[in-house]
Amino acid sequence: MEDEAEIYDGTRAQFPLTFGKRSKSQTPLELIHNSTRRTSNPPEKSGSSSSSAKDSGLPSISSSSKTWLNSLRNPKSSNPNPSEDGEATMVGPPRPPAAEDEDGGVMDGPPRPPPGLGSGDGEEDDDGDGMIGPPRPSGDGLVQSDDDEEIIGPPRPPPGSNLSDSDEDGNGNGENEEENRFRIPMSNEIVLKGHTKVVSALAVDHTGSRVLSGSYDYSVRMYDFQGMNSRLQSFRQLEPSEGHQVRNLSWSPTADRFLCVTGSAQAKIYDRDGLTLGEFVKGDMYIRDLKNTKGHISGLTWGEWHPKAKDTILTSSEDGSLRIWDVNDFKSQKQVIKPKLPRPARVPVTTCTWDREGKCIAGGIGDGTIQIWNLKPGWGSRPDIYLEKAHSDEITGLKFSSDGKILLSRSSDDSLKVWDLRQMKAPLKVFEDLPNHYAQTNIAFSPDEQLFLTGTSVERESTTGGLLCFFDRAKLELVSKLGISPTCSVVQCAWHPKLNQIFATTGDKSQGGTHILYDPNISERGALVCVARAPRRKSVDDFEIKPVIHNPHALPLFRDQPSRKRQREKTLKDPIKSHKPELPMTGPGFGGRVGVSQGSLLTQYLMKQGGMIKETWMEEDPREAILKYADVAKTDPKFIAPAYAETQPEPVFAKSDSEEDEEK
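Attention in this report is confined to the structure presented alongside it. Being a predicted model, the structure only gives us computed values, none of them experimental.

### Observations concerning the layout of surface pockets
- For the second largest pocket, the calculated volume is near 1400 Å³.
- In this structure, the second largest pocket is lined by 41 residues; those nearest its centre are Val 204, His 206, Glu 304, Lys 399 and Pro 497.
- Listed by contribution, the elements that provide at least two residues to the lining of the second largest pocket are β2 (199-204), β6 (246-251), β10 (300-305), β14 (349-354), β18 (395-400), β22 (443-445) and β26 (489-496).

### A few points about the environment of Cys 530
- Topologically, Cys 530 is positioned in helix α6 (residues 527-531).
- A residue is classified by how much of its surface remains accessible, and Cys 530, at 0% relative accessible area, is buried.
- Separated by 299 residues in sequence, Cys 530 and Arg 231 place their C-alpha atoms 8.5 Å apart.
- Those residues in contact with Cys 530 that sit more than four places away from it in its chain are Ile 190, Phe 225, Met 228, Asn 229, Ser 230 and Leu 232.

### What to know about the sheet that holds strand β16 (residues 370-374)
- Reading across the sheet, the four strands line up as β14-β15-β16-β17 and stay open at both edges, with antiparallel pairing between neighbours. Of all the strands in the sheet, just β14 and β17 (385-387) have a single pairing partner and so form its edges. Strand-to-strand twist in this sheet, taken as the mean axis angle between neighbours without regard to direction, amounts to 15°.
- In this structure, strand β15 (residues 360-365) lies alongside β16, joined through five bridges in antiparallel fashion. The partner of Ala 362 across the bridge, within β16, is Ile 372.

### Re the sheet that holds strand β7 (residues 257-262)
- Spatially, four strands are ordered β6-β7-β8-β9 in an open sheet, and the strand pairing comes out antiparallel. The open sheet is flanked by β6 and β9 (276-279), the only strands paired with a single partner. If you compare each strand with its neighbour and ignore which way they point, the axes differ by 20° on average.
- As judged from the three bridges shared by strand β8 (residues 268-271) and β9, these two strands associate in the antiparallel manner. Its bridge partner lying in β9, Tyr 270 is registered against Thr 276.

### Here we look at the packing of aromatic side chains
- The final tally for this structure, using the stated rule, is 11 aromatic pairs.
- Relative to Trp 495, the ring of Phe 470 has its centre 6.2 Å away and its plane inclined at 85°; by these criteria the two rings are edge-to-face. Here the residue Phe 470 occupies a position in strand β24 (residues 466-472), and Trp 495 occupies one in strand β26, the gap between them amounting to 25 residues. When sorted by exposure, Phe 470 lands in the same class as Trp 495, which is buried.
- In textbook terms, an aromatic cluster arises when at least three aromatic residues are bridged by ring pairs, as seen for Phe 431, Phe 445, Phe 452 and Phe 471.
- Looking at Lys 429, its charged tip hangs above the ring of Phe 431, at a distance of 5.8 Å from the centre.

### Things to note about the pattern of salt bridges
- Inspection of every chain in the model, using the stated rule, returns 12 salt bridges.
- For Asp 289, the salt bridge is made with Lys 338, and the minimal N-O distance between the two is 3.4 Å. Of this pair, Asp 289 sits in the loop between β9 and β10 while Lys 338 sits in the loop between β13 (329-337) and β14; the two residues are 49 residues apart in sequence, bridging distant segments of the chain.
- Overall, the relative accessible area of 32% leaves Lys 338 in the partly exposed class.
- Close ionic contact of Asp 420 with Arg 422 constitutes a salt bridge, the shortest N to O distance being 3.1 Å.
- Residue classification places Asp 420 among the buried residues on the basis of a relative accessible area of 12%.
- Bridged by salt links that share partners, the residues Arg 210, Asp 224 and Asp 273 form one connected network.

### Some details on the side chain of Asn 188
- Tracing the sequence through the fold places Asn 188 in strand β1 (residues 188-195).
- For Asn 188, a relative accessible area of 0% translates into the label buried.
- A distance of 2.9 Å separates the side chain of Asn 188 from the side chain of Thr 36, its partner in a polar contact.
- Leave out the neighbours within four places in its chain, and Asn 188 touches His 33, Thr 36, Arg 37, Arg 38, Ile 516, Leu 517, Tyr 518 and Pro 520.

### Describing the environment of Thr 276
- In this structure, Thr 276 sits in strand β9.
- Remark: the alpha-carbon pair of Thr 276 and Pro 240, spanning 36 residues in sequence, is separated by 8.9 Å.
- Excluding anything up to four places from it in sequence, Thr 276 contacts Ile 269 and Tyr 270.

### What to know about a nonpolar patch on the surface
- A contiguous nonpolar patch, built from Phe 639, Ile 640 and Tyr 644 and spanning about 410 Å² of accessible area, is present on the exposed surface.
- Examined against the element boundaries, Ile 640 turns out to sit in the loop between α10 (630-635) and α11 (657-663).

The rules behind each value
- Residues numbered from 1 in each chain as written.
- Predicted model: local features only at pLDDT ≥ 70, side-chain atom pairs only at ≥ 80, totals over all residues.
- Heavy atoms only, no water.
- 1 Å grid on protein atoms, 1.4 Å probe; cavity = no way out; pocket = protein on both sides within 12 Å on 5 of 7 lines; lining within 4 Å.
- Points joined across faces, edges and corners; volume = space filled by probe spheres on them.
- Helix = DSSP H or I, 4+ residues; strand = E, 2+ residues; numbered from the N terminus.
- Buried < 20%, exposed > 50% of the residue type's maximum accessible area, 1.4 Å probe, protein only.
- Contact = heavy atoms within 4.5 Å.
- Pairing = 2+ DSSP bridges.
- Axes fitted to C-alpha atoms, helices over the stretch in contact; angles between N-to-C directions.
- Phe/Tyr/Trp six-rings, centres within 6.5 Å; stacked < 30°, edge-to-face > 60°.
- Lys NZ or Arg CZ within 6 Å of the ring centre and 35° of its normal.
- Salt bridge = Lys/Arg side-chain N within 4 Å of Asp/Glu carboxyl O.
- Polar contact = N/O pair within 3.5 Å; in protein donor to acceptor, adjacent residues only side chain to side chain.
- Patch = residues over 30% accessible without salt bridge, like charges linked within 9 Å, V, L, I, M, F, W, Y side chains within 5 Å.
- Areas by Shrake-Rupley, 256 points an atom, 1.4 Å probe, with all protein chains shown as cover.

Written out as structure tokens, the structure reads:
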């Protein structure tokens, strides 16, 4: 009999090491990325969409439900696109044909080897029984090919299969090939929500761990990929300036601070965690010359941090000036730049930008001109390059290439222009029909700068929605149009070089969000980290039951509020607390004193009380009381009548109404 320990070890070896242990169920990454896969594919060739619909055999259901059903049908299929025969694309070696047994049934297991491939006994082993299991290899252990070469690994698939080195996606059109050539990360998408209006500002730090988004709802939201789960919630919300739209956000080169530009005249500096470090001073609006003011006097339009120096920033304003600031001194600016204008006026500077090295500044003026200044010793407000009427409307975005040869400009006239800085007389290329209704619409380069991209706005009668347009820098042609939102406009965009993910801000009057496009195969960190992190489940410890205190008089905080009715009644009875007015004096006496009459004589009071003096004025008619002195005044006038006796006309009095009624 075998040892019990050996029996236990042999039995335990048949089970995995985690047998009997409860482990958390984890969703496979493939299913997670399938849930974030974009459903709006580029237009396919004629017949491809209909064939896919026929092959799927699904009714008209939502895209998310369709994706879920497909994942249940082919849980291990990495290529969901159908093949020509309507079946799933075969991966790996081809399946062997179904062989029938001698009894007519389908044989289970691998096919039997043909005669001669087994051992020297043919199809039977040494005992004369049928061979069980796969066939034995040949003498050298390797299968020989037609060219007498050794084949390592599974056999090659037959020519009819769809596996090849140039395997394309299910769409198979030229546009998709172009996108794959540039490797645009666009297969998956997530949305950072939270704003109630259009998102007009976007900033991603250089490490790719934190994202800032500013909106027309006056708020700035901060997102952290490392601390965020699949709910995609911001960890902090700021309101830099109450009642002012957020127009631009910019990280410092060291990513420890960021600049916030709003519609107010003062820009703010925040640290990495959203705490205010300072606010730049506002200038005196009653000073005519802008060079003599300490700061901007009107609302800001744009602002950017210096790409190399961590203490220098650039801002532009509606007051018609650009200013360079030192973040260590919030009370004064380093330089004031007044653009060149054809006539004296205050034309707003709508946008500004640095070049890659921070040695050149470009500004877009409200009249459509582009002016460029080179930062050199003794430089002033006179521009080195002046492009008059570069656009027919306000310029919303400027962008230098890293080599300093190309300048891109975006305008509200629905155009994007490419300029050669070595020859600025005319643009190299003009791209039209790019609707732009927002003053913050910008342009961005791809990490290798082979592409540049911009967003479009939604027009009232159009059905295209907000698009993200990609252009080839070398050929100066449109590469792709990517639909971001059917109802919201695309304002700002960015292509992060380290994450290889595309950020696009969208929104309208009632909603706003930041769309992040990525590809699990070519993107890194960023959205991949937070999407795969499930939200923490609530435990019993998360629920707090408020304790009930049954000692109401222990502290004033926990006392029940007493009834105020009796206290109010007591207050009303108190004449001082209730501010009750004094009542008029009644009863005997005068002025509240008994025995005192109005004449202040005790004799008069006693005579009145005895009835010897009667006050009859309350019962008399005032007209009769006056007229009883009329005869005396007529016969013996004393003061006025003798002076006017000779010149005074005879008075005529109107008869009383009672006498007139009697005559009638």
